[in-house]
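Chain and residue survey
Single-letter residue listing:
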Amino acid sequence: MKKMAELERKLQKNDRHQAVLYLFCNFTALMLVTAYSAMMQSVTVQTVFPEGGDSRKQMYMVFGLTLFGCVVFTLYASSLFFRKKSRQLGILMALGASAEKLAPGLFREVLFLSCVSGAAGTAAGVPFVYLLWNLFRILIVDSEEMKLTLDWEFVWIPALLLIFTVLCVCLMAYGYLKRTDIISTVQEEHKNELAKNWGRWCGPVGIVLTAAGAVLGYFSPQIYMKTAKAYPPDWLNGIYFIALAGLYLVMLHTVVHGWRFGKKNRYKNLIARSMMKFQGRQTVNNLLVISVLIAGGVFALFYIPALGSSVFLTAENLEYDYSGAWRTDQQMLTEEEIRKKAETYGILLKDWKEEEYVSLGMGSRVETERNGKLYLEYREFASEGRFISETAFASITGNSVQVEPGTYCAAADQEEGSTLYLVQSADKLTNMTTMEQMKVSFAGYVYCNTLSHRDTKAVYVRHDQDYKRTPQGAEEQWRGKMLFFNVEGEDSYAFAKDFFYSCVDCFGPECEIPYYYDRVKKYDAERKGEIYWGDTEAMTPVSYDRPDSTDFRTYWAYMPKSRILDKNDTLPTYAVFFMMFIFASMVCFASALVIGYTRCRTVAVLNRYVFEDLKRLGASPGFLCREVRNQCGKVFQIPFLTGSSVMFLFFILIFYANDGKYTSSEFLALFLCILILAVLGGILYGIYQKTLNTVLRELKVGKVTEIRKAK
Amino acid sequence: MLYVKNLYKSYKAGKTAYPVLKGVSLSVAQGEFTAVMGPSGSGKSTLLNCISCYVPFEEGKITLGGQELKGLSEKELAKIRNEKLGFVFQDFMLLDGLTVRENVLVPKIIEGKVTREDEKRCDTLLKLFGITYIQEKYPAEISGGEKQRTAVARSLMNQPLLILADEPTGNLDSKSSRAVIDSFLEARNQMNATIFMVTHDSFAASFCDRVILLKDGNIYKQLERLEERSLFQDRLLEAIKEMSGEVK
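The paragraphs below set out a description of the structure included in this document. (Residues numbered from 1 in each chain as written. Chains lettered and ligands numbered in written order. Predicted model: local features only at pLDDT ≥ 70, side-chain atom pairs only at ≥ 80, totals over all residues. Heavy atoms only, no water.)

So, the pattern of salt bridges
Here the idea is simple: oppositely charged side chains can pair when their charged atoms come close. Short version of the rule: A side-chain nitrogen of Lys or Arg and a carboxyl oxygen of Asp or Glu constitute a salt bridge if their distance falls within 4 Å. Numbering of helices and strands runs from the N terminus, with a helix taken as a DSSP run of H or I at least four residues long and a strand as a DSSP run of E at least two residues long.
Enumeration according to the criterion identifies 39 salt bridges over all chains in this entry. Its salt-bridge partner being B:D182, residue B:R178 comes within 3.2 Å of it at the nearest N-O pair. Placement of the pair is B:R178 and B:D182 together in helix α6 (residues 174–191), with a separation of 4 residues, close to one helical turn. The network of salt bridges with common partners includes A:R370, A:E377, A:R379, A:D524, A:R527 and A:K528.

As for the interface of chain A and chain B
Basically, it comes down to this: We call two residues in contact whenever any of their non-hydrogen atoms come within 4.5 Å of each other. Once two parts are joined, some of their accessible surface, as seen by a 1.4 Å probe, is lost; buried area is that loss totalled over both. Definition of a polar contact: a pair of N or O atoms within 3.5 Å, with one able to donate and the other able to accept a hydrogen when the atoms are protein atoms, and with sequence-neighbouring residues admitted only if both atoms are side-chain atoms.
Taken together, the 26 residues of chain A in the interface contact 31 residues of chain B. Its largest share of buried area at the contact with chain B, chain A owes to A:K2, A:K10 and A:L95, together 25% of the area lost on that side. Between the two partners, chain A and chain B, sit 1 salt bridge. At the junction of chain A and chain B, the tally comes to 8 residue pairs in polar contact (both at pLDDT 80 or more). When residues of the side of chain A that touches chain B are traced back to their parent elements, those giving at least two are α1 (4–14), α4 (54–94), α5 (99–139) and α7 (182–186) of chain A. With 6 residues, the top contributor of residues to the side of chain A that touches chain B is α4(A).

Focus on the sheet that holds strand β9 (residues 210–215) of chain B
Pairing between the strands of a sheet is mediated by backbone hydrogen bonds and can be parallel or antiparallel. Residues and elements named next belong to chain B. Spelled out, the test is: Strands pair, by our definition, only if DSSP identifies at least two bridges between them. Axis definition: a line fit to C-alpha positions, over the contact stretch in the case of helices; interaxial angles, taken between N-to-C directions, run 0 to 180 degrees.
With respect to topology, 6 strands assemble into an open sheet ordered β6-β7-β8-β3-β9-β10, the strand pairing being mixed. On the outer flanks of this sheet lie β6 (85–88) and β10 (218–224), each paired with one strand and no other. Averaged over all pairs of adjacent strands, the angle between their axes in this sheet comes to 20°, without regard to strand direction. Contacts from helix α5 (residues 144–156) reach β6 and β7 (162–166) within the one sheet, and its direction differs from that of β6 by about 175°.

Details of the layout of surface pockets
To keep things clear, this is the line we draw: The distinction between a cavity and a pocket rests on a 1 Å grid over the protein atoms alone: a 1.4 Å probe fits inside a cavity but cannot get out, while a pocket stays open yet meets protein on both sides within 12 Å along at least five of seven lines, and a residue with an atom within 4 Å of a point counts as lining. Grid points are joined across faces, edges and corners, and a volume is the space filled by probe spheres set on the points. The nonpolar class holds Ala, Val, Leu, Ile, Met, Phe, Trp, Tyr, Cys and Pro. Asp, Glu, Lys and Arg form the charged class, and all remaining residues, Gly among them, are polar.
Each pocket or cavity is described by its volume, and for the second largest pocket that value is around 1700 Å³. As for the second largest pocket, its lining consists of 41 residues, and the residues nearest its centre are A:K84, A:R87, A:E189, A:H190 and B:D96. Secondary-structure elements contributing two or more residues to the lining of the second largest pocket are α1, α2 (16–40), α4, α7 and α19 (575–616) of chain A together with α1 (44–51) of chain B. Counting residues per element, the lining of the second largest pocket draws most heavily on α19(A), at 7 residues. Of the residues assigned to the lining of the second largest pocket, the class counts are 14 nonpolar, 11 polar and 16 charged.

Details of the sheet that holds strand β2 (residues 16–28) of chain B
Residues and elements named next belong to chain B. Taking strand neighbours across the sheet as the criterion, the 4 strands line up as β2-β1-β4-β5 in an open arrangement whose pairing is antiparallel. Each of the sheet's edge strands pairs with one partner strand only, and the pair in question is β2 and β5 (67–68). Two elements, strand β1 (residues 2–13) and β2, share 10 bridges in a ladder whose sense is antiparallel. From the neighbouring strand, Y11 faces β2, where its bridge partner is Y18. Where α1 meets the sheet, it contacts β1, β2 and β4 (59–64), and its direction lies at approximately 115° from that of β1.

Considerations on empty space enclosed by the protein
All names here are of chain A. For the structure shown, the criterion picks out 8 cavities of 30 Å³ or more. Considered as a void within the structure, the second largest cavity measures approximately 80 Å³ in volume. Looking at the second largest cavity, the residues that line it are E8, L11, Q12, K85, Q88, L89, L92, L102, G105, L106 and E109. Contributing elements (two or more residues each) for the lining of the second largest cavity: α1, α4 and α5.

Shown next as structure tokens:
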């Protein structure tokens, strides 16, 4: 070995463990970000997730958290790499190596490591997506929509992250080379990074800030809309950063003070606490990032019970096994045809009901946006509603209702969970054929789950005499029928599917529209010489060619309701949503676990000499194990407890804020969330035990089980 | 050969500056073996680090072999460290991934290229300090004394004007300490090396030609060795007692 390059190669070979850790961290971060962005931008997801919809926003939000976590993580991995490297650099500098002399070797090394790991991670992200997504398809659910088609434009996201990580690591290398204090460079590895030693107030204040950030973040758009009379700007989401600041304080309190109250056994955790304190800055940052990632993962996972329980209970609570509606100008199956079809599946139908409805224009005050401002203004043709008579309602529900003449009632579900979209301020109804108008006022709700506005047009009830007058002269396209029936004994899924497909076949192209396609609004727009937005590309189309697609099942204006179909098809219908959110949560948890694992390994690497000293002072393996556990335990325990409880409480808030109460499906969702957290906690505990054993092995303390036996 | 004049250095903690060296002036002649002693916090290591150009200093002048160090660029300072200075540290500062022989050769590798003459010199140094038999071993495989002798050999590899040693016996047992001091004496006697050593150890210091006592960032006293080593150590201990206020 005669040249600098040879010397550097040999030193690099010796430092391969550190390099491997860096490679692993960078590879994992890039792989997870690539995988998430590939999935998020895929044709599969972009087709199913409604543009501008909450689910898409949530998906992007979780991606933001993942990206934040991975960026912090790669920076942490780089700093860890340089902490170990600094001694070597310092010695060479002390012996007279100039920055110019060290630069080529150092830059070559960091460029090689960051580029190779980053490129490999990016490349591995795509097979990772294919593997995981196809595993979902094989093991959990498959549907036509689940077919994975990537849009390769996603590549710019990991490419930017790759450039960012390479730039960061080069900047760090440059910073080390530019140092003039060689002694500090040599001692970098053993330098303490004390966390801010703020008082015990930071914990409680942190909790308050976290709660305040979440509540304000959630309600601020509504407050903004009410006060500024405009749609909230994106920057308003920045209020959630208050919660992040709160979480930081909570983590700081955890590291600096701990959460044990009282002064009993005050020396019990002294060593572990001191070690954590002396690497406090990184520990707090790590705990914060892991908490955020766990919160993101839990948020994504909670989407599934939240949606699933709602769909499941809605189907369960329907008064009829089957119901449907069609326009009179459509050739719907007759009762006889449906009964015959049922018989072929060995099913007998009962409780057959068929009632008329008329679609009317409703005049009411509506919120409209002009030049970014919101205005509440009266529209004579604000929306379309399906109206039935008191008698029809009584026939359908078996409960008679009294609707005063000149008024109307809105059909809501028993728990009033879907009243938000019912028109409650209409003062005028219009027969859209004769343009005859009637003055009305809202008279409250009538209850029927089957008629409630859930993925279909809203239904309203009028006084019999009033109702009789309204359809007179109305064209067939504005009149329709509703049917309801039950089955004797056990229902058949095959019949339900057949019934559904047969219904679809009965409708013409004029009915190939989602339920939010409003013909009254269209009339209003066209009479003003405007193009109705439903006739533009902005409208999510539904197609008879894809009756099993999420869009069709969820949004088709004449979608029949069937308890067995809704229950059995919940998973395949929402498969892409469910699987995407499972995927997102897995990415978040994987990132959190890798950071947690690396942090625990750091405990071993940075505190090795402390543990050696403790051994010399006569510390037993049991004592050492406890000290390691006290540190590693917190890396997993605190972020999990914080992240999951913050999200759980946030969901409690969302459920309540939706409609000012909790519905049975929301209670079910919360119960399922608790079960999910219990399972997650178990998995995390298993991984924590594995990590603990790795750290104990590195510190040559022994295995947890062996230590327990020895005790 | 080494001149230090009115050296002032402080460390900052927050907004407060704590002076460590308060105008230290000294000189070391060619071939002289000098020790600096003093209680913890007196500024010994800081003085050494300033002379080594490891840490920047605020005021004063350091001249090495006629060249003033202040104002030199990092590149020029690196050249001086490599060609004119040799270093021995308390914790050896050997590179773990290199063998003993390779560690000794590091200054030459940094300089550019290792020639056949350099290898011969390396062999001579290994032999001189009795570490030939461990030349293929790695630092993790040898004792503290052997590590420090390796460090001494490394410090002499580039035939420096001055060897700077910071507590070279601090981590060693008495036998190893003696071996390291003998290494310095060998270097001084056979190669006319100039050695500037910071130490807490009066035994190690008693081998030096001169001992500078440092107290609170100032030179308290300088003692020249005129007598036998053990008597010089006694005088040294008396001076230390006096400095600590135990003798009036």
